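Read off the chains here:
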Amino acid sequence: MKKMMTAIAAAAITTGIMGTAGAASVESFTDVPKDHWSYAAVDQLVKDGILEGNGDGTFAGDRPMSRYEMAAAIARAEAKLQSVNPADQALIEKLGQEYQAELQKMEARNEARYQELSDKVNKIQLSGFVRAKYDHDSADNVSAGAENNNKHFYMDLEGKMKVSRDWEAHFQSETRKGYTQNQNWRTSSGSDDQDGTVQRIWVEGHPGKLGVTLGAKWWGLGFQNVAFGHAADGISLDTNFTKDWNAKAFYLRPRQGSLVSMTNGSDTSIYGVNFTGKVGHATQASFTYAMNQNHNDAVKNADGTYGDQAMSRMGAVDLSAQLANNLNLVATYVRTNAGQFNTSKEYRLNYKGTDLNQVGSFGAYLRYIDFAKFGDMSHDDEWCSMPSDTKGWILGVKYVPYQNVEWETFYSDQTRNLSGTQTGMNSHAKRHLFRTQIDFHF
């Protein structure tokens, strides 16, 4: 009953029927029919300052008061039910029973208006985060942009717009201001895909049992994005062919040309399939097979086998196992058809994890990476912390000091250029990377 009365009181207030409460000097209302028993009840509530009308001795001006207007007045009185004397409480409750039908209709109408407003507000949703990041990067004779993301401020802004029950439109804008080589914190980093414009737009839909994603967005393959992890134009179609397994077909054309490790970079397209699902009570698996559409046949050897840089085909396996309540292990193995240096591996052990709504929550992780120069089509290098041709380990922690704020710090010991294919460089160059960053989510 209290819930109904509170909702109806809100409806009465928003309709503007009632004035400001508290004036006890007004006497009976001229437009309340005196031959109705509620006249005396309303008259008493007016004298006690519980009800107030238009300020001229009326509720409805120069016409008889309707039952809906009377119901609105009662709803206003019910909002004060807990703060009035027992006698007035009894009058209000009696009036509520008399006008119950009108009160219920008002509540239903108010709920419909609220739902309509809620639907309009929820049609567009914005989210993202702002990051401040600092690196201390000690690299021994290593190039390929390893030091190009040292210090910066970054903002990710994403929008989701509901088109219909089955379709949503999305956009993403990335902005980075930071230090690269001789620049300072206030100048642009010169990134090819983080200039503050709307770089990515795509749609997602579920017509029937089919899932569709189409447009320019960031795509990742596998649990750790080792097979591929970059922005691209593309399309994917997926469906759950069993309760626990999903099949996906994709076609992608990379957009971040300078960041893609394939020799033909953004001048190619990759396409393939992925299967993801459960393989046990606490284990999940992901299998990916992809092809590089415009691989360079000129790198074939005399015997018809592919040379070092072919990477025209790739297979990947990901496993994620819950070892204990707070312990998770993720393993990834990728192999291409390049002549040599053709495998990439990553193993990650996670302890606990952060919850942005829970202050004080934390997580820790240990990662081992071994990315050969031609071992994957283009893995996610995570702001140059894991470039190609790199082997090493990463130890990190995450912590939530405030709600929706996450602080991450890690240290990495790496060996670069293991394959020795970058001429003139030490084949065992060392790198020590310390990174700390704080993200403010909204």
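Residues numbered from 1 in each chain as written. Predicted model: local features only at pLDDT ≥ 70, side-chain atom pairs only at ≥ 80, totals over all residues. Heavy atoms only, no water.

Points about the confidence of the model for the chain
Any residue range with low pLDDT should be treated as having predicted coordinates unsuitable for detailed reading.
And then number 1: The predicted model of the chain has a mean per-residue pLDDT of 79, with 73% of residues at 70 or higher.
And then number 2: A low-confidence stretch, residues 142–148 (pLDDT under 50), is modelled with 20 contacts involving residues beyond four sequence positions or located in other chains. (pLDDT = per-residue confidence, 0-100. Contact = heavy atoms within 4.5 Å.)

With respect to the packing of helix H4 (residues 86–98) against helix H5 (residues 100–122)
Packed helix pairs are characterised by how far apart their axes lie and by the angle those axes make with each other.
And then number 1: Two elements in contact, H4 and H5, have axes whose closest approach is 5 Å; the angle formed by their N-to-C orientations is 80°. What the angle tells us is that H4 and H5 run roughly perpendicular. Two secondary-structure elements touch here, H4 through Gly96, Gln97 and Glu98 and H5 through Gln100, Glu102 and Leu103.
And then number 2: Across the contact of H4 with H5, the residue classes break down as one nonpolar, three polar and two charged. (Axes fitted to C-alpha atoms, helices over the stretch in contact; angles between N-to-C directions. Helix = DSSP H or I, 4+ residues; strand = E, 2+ residues; numbered from the N terminus. Parallel < 35°, antiparallel > 145°, perpendicular 65-115°, else oblique. Nonpolar A, V, L, I, M, F, W, Y, C, P; charged D, E, K, R; others polar.)

Re the pattern of salt bridges
And then number 1: Counted according to the given criterion, the structure contains 11 salt bridges.
And then number 2: Here Arg431 and Asp137 are joined by a salt bridge, their closest N and O atoms 2.8 Å apart. With a gap of 294 residues between them, Arg431 in strand S16 (residues 429–441) and Asp137 in strand S1 (residues 124–139) connect regions that are remote in the sequence. As far as burial versus exposure is concerned, Arg431 and Asp137 are alike and both buried.
And then number 3: Taken together, the salt bridges that share partners define one network made up of Lys133, Asp135 and Arg435. (Salt bridge = Lys/Arg side-chain N within 4 Å of Asp/Glu carboxyl O. Buried < 20%, exposed > 50% of the residue type's maximum accessible area, 1.4 Å probe, protein only.)

Some thoughts on the packing of aromatic side chains
The relative placement of two aromatic rings is captured by the distance of their centres and the angle of their planes.
And then number 1: Tallied over the entire structure, the rule returns eight aromatic pairs.
And then number 2: Between Tyr154 and Trp383, the ring centres sit 5.0 Å apart and the planes meet at 80°, which makes this aromatic pair edge-to-face. Placement of Tyr154 in strand S2 (residues 151–162) and of Trp383 in the loop between strand S13 (362–371) and strand S14 (390–402) is noted, with a sequence separation of 229 residues between them. A single burial state applies to Tyr154 and to Trp383, both of which are buried.
And then number 3: When the centroid spacing of 6.3 Å and the interplanar angle of 85° are considered together, the rings of Phe241 and Phe275 count as edge-to-face. Of this pair, Phe241 sits in the loop between strand S6 (228–240) and strand S7 (245–254) while Phe275 is found in strand S8 (residues 270–278), placing the two residues 34 residues apart along the sequence.
And then number 4: Judged by relative accessible area, Phe241 falls into the partly exposed class, the value being 47%.
And then number 5: In this structure an aromatic cluster arises from ring pairing among Phe129, Tyr154 and Trp383.
And then number 6: A cation over an aromatic ring shows up here: Lys217 above the ring of Trp219, its NZ or CZ 4.6 Å from the ring centre. (Phe/Tyr/Trp six-rings, centres within 6.5 Å; stacked < 30°, edge-to-face > 60°. Lys NZ or Arg CZ within 6 Å of the ring centre and 35° of its normal.)

Observations regarding the nonpolar core
Soluble globular proteins tend to pack their nonpolar side chains together in the buried interior.
And then number 1: Counting residues in each nonpolar core, the largest one holds 21 residues, and the members touching the most others are Ala227, Phe228, Leu252, Met314 and Val334.
And then number 2: Those elements giving two or more residues to this core turn out to be strand S5 (211–221), S6, S7, strand S10 (313–324) and S13.
And then number 3: In terms of residues, this core owes the most to one element, S13, which gives three residues.
And then number 4: Each residue touching Leu252, except ones within four places of it in the same chain, is listed here: Trp219, Phe228, Ala232, Asp233, Gly234, Ile235, Ser269 and Ile270. (Core = buried A, V, L, I, M, F, W, Y, C linked by side-chain atoms within 4.5 Å.)

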